[in-house]
Amino acid sequence: MAHPFMFEPVIFITEIAFTIISAVLCFMIFSKTKESYNLTKHDGIKYFRDAFLLFGLSYILRFILELIFLSGETFEFIIPREMFAPLFILGVGYVSTLGLWYLIFSSIWKRFSKKSLMITGHATAIILSVASFFLHSHLIILYAQFILLIIGVILIFRTGTKTKKISQTKILYMLTSFLWLINLFIIDKQGPPRIFGMWGLWIKIFFQIVSIVVFFVIYNKISHWLK
Amino acid sequence: MNKKRDRLAVIYDILDIIRNHHNSMKLTPLLRSANLSSNSFSDYYTELISKELVKEIVDSDGHKYVTLTDKGFKYLEKYKLISGFIEEFEL
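Residues numbered from 1 in each chain as written. Chains lettered and ligands numbered in written order. Predicted model: local features only at pLDDT ≥ 70, side-chain atom pairs only at ≥ 80, totals over all residues.

Caption draft 1: Seen up close, the overall build of chain B. When helices and strands are counted, chain B shows four helices and two strands. Beginning at the N terminus, the succession of helices and strands in chain B can be written as α-α-α-β-β-α. In terms of overall size, chain B behaves like a compact globule, its C-alpha atoms giving a radius of gyration of 13 Å where 91 residues would be expected to give roughly 12 Å. C-alpha extents for chain B along the principal axes are approximately 50 × 25 × 20 Å. Buried positions account for 22% of the 91 residues belonging to chain B. Pairs at least 24 apart in sequence give 50% of the contacts found in chain B among residues at least 6 apart. (Helix = DSSP H or I, 4+ residues; strand = E, 2+ residues; numbered from the N terminus. Rg over C-alpha atoms; globule rule 2.2 N^0.38 Å. Buried ≥ 20, exposed ≤ 12 C-beta atoms within 10 Å, placed from the backbone. Contact = placed C-beta atoms within 7 Å.)

So, in structure tokens, the structure goes:
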């Protein structure tokens, strides 16, 4: 079936730039912490760096998923959505859920056994991704991860550290997780670009810039210690 | 040494003791200086060997000594920065 050519370069360029910058920053965080992990085998460092590796992968998968959603509407070509979308929803669901868990685990790992953390993380990620795969909806991931984020915040504040005050690091963790959910929401058809029209695009770009700033701040803080 | 030391600090202290003894030390004086129970020391020592932070050398008289590896020296060099990172990120 022929589709009219409606290429929207602003959407495509901002998306690809955002994905590349976010993924590269995540992988740089992963790489920057390699030596300290190799020297210490510290579980907290392991969860922390793995979380960013998984976030980097999540942002790449999210981009591909958005391409699938946009194809046929925005581009000349059509990626068979029915065939590929559920597969990428499965991937995004598993990788990002595990990424969120690992970020939570990096703060609370001392209070729980390694085995229980692994079972919780992987089981939740599998259940969530399989459910979203069969329901053909990435919004299932979004809702479930929102609940996960609330659980994570409670866990971090109740069991994470002795101090209950909100540190800059805790804020960065929460922002990283929250912005992931926002960025997952805005690829949806019902997301800001469709609700707010042209303003939606700017809202989307705003959150993408904030996400990049958060990743950059984290990378910068790490670089301060791990030169 | 502090009474309450975390795992990374204990490892640092053991490696530091070896370094301060011209990077060559017998096990018994190391155990005494490390201020750990023998069981606990044994666990840490196994960990240090398995992580290749230290290695054992035997001299011509058959005496066994412990010495730091390059990785062990690197650990000593980076410890304070890594501890700072762990503390800052609440890991």
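Caption draft 2: Highlighting the environment of A:Leu54. With respect to the helices and strands, A:Leu54 occurs in helix H3 (residues 43–70). Judged by local crowding, A:Leu54 falls into the buried class, with 23 C-beta atoms found within 10 Å.

Caption draft 3: Region of interest: the nonpolar core. Core analysis: the biggest nonpolar cluster contains 70 residues, and A:Cys26, A:Ala51, A:Leu65 and A:Tyr102 have the highest contact counts within it. Each residue touching A:Cys26, except ones within four places of it in the same chain, is listed here: A:Phe52, A:Leu53, A:Phe55, A:Gly56, A:Tyr59 and A:Phe215. (Core = buried A, V, L, I, M, F, W, Y, C linked by C-beta atoms within 7 Å.)

Caption draft 4: Spotlight on the interface of chain B and chain A. Residue-level contacts link 15 residues of chain B with 18 residues of chain A. At 10 residues, helix H4 (residues 70–88) of chain B tops the list of elements feeding residues into the side of chain B that touches chain A. The residue inventory of the side of chain B that touches chain A, partitioned by class, reads eight nonpolar, one polar and six charged. (Nonpolar A, V, L, I, M, F, W, Y, C, P; charged D, E, K, R; others polar.)

Caption draft 5: Quick peek at the confidence of the model for chain A. Residue and element names in this part refer to chain A. Per-residue pLDDT for chain A has a mean of 87; in total, 88% of the residues score no lower than 70. At the level of individual helices and strands, chain A shows its lowest average pLDDT in helix H8 (residues 192–195), which scores 64, and its highest in helix H2 (residues 34–40), which scores 95. Across residues 1–5, confidence stays below pLDDT 50; counting only partners more than four residues off in sequence or on other chains, it has four contacts. (pLDDT = per-residue confidence, 0-100.)

Caption draft 6: Representation of the packing of helix H1 (residues 9–32) of chain A against H3(A) in the model. Residues and elements named next belong to chain A. Axis separation between H1 and H3 bottoms out at 7 Å; the angle between their running directions is 165 degrees. One element, H1, and the other, H3, form an angle in the roughly antiparallel class. Remark: the crossing between H1 and H3 carries left-handed chirality. Within the contact between the two elements, H1 uses Glu15, Thr19, Ser22, Ala23, Cys26, Phe27, Ile29 and Phe30 and H3 uses Arg49, Phe52, Leu53, Phe55, Gly56, Tyr59, Ile60, Phe63 and Glu66. Taken together, the residues of the contact of H1 with H3 break down into 11 nonpolar, three polar and three charged. (Axes fitted to C-alpha atoms, helices over the stretch in contact; angles between N-to-C directions. Parallel < 35°, antiparallel > 145°, perpendicular 65-115°, else oblique. Left-handed = near helix turned anticlockwise from the far one by under 90°.)

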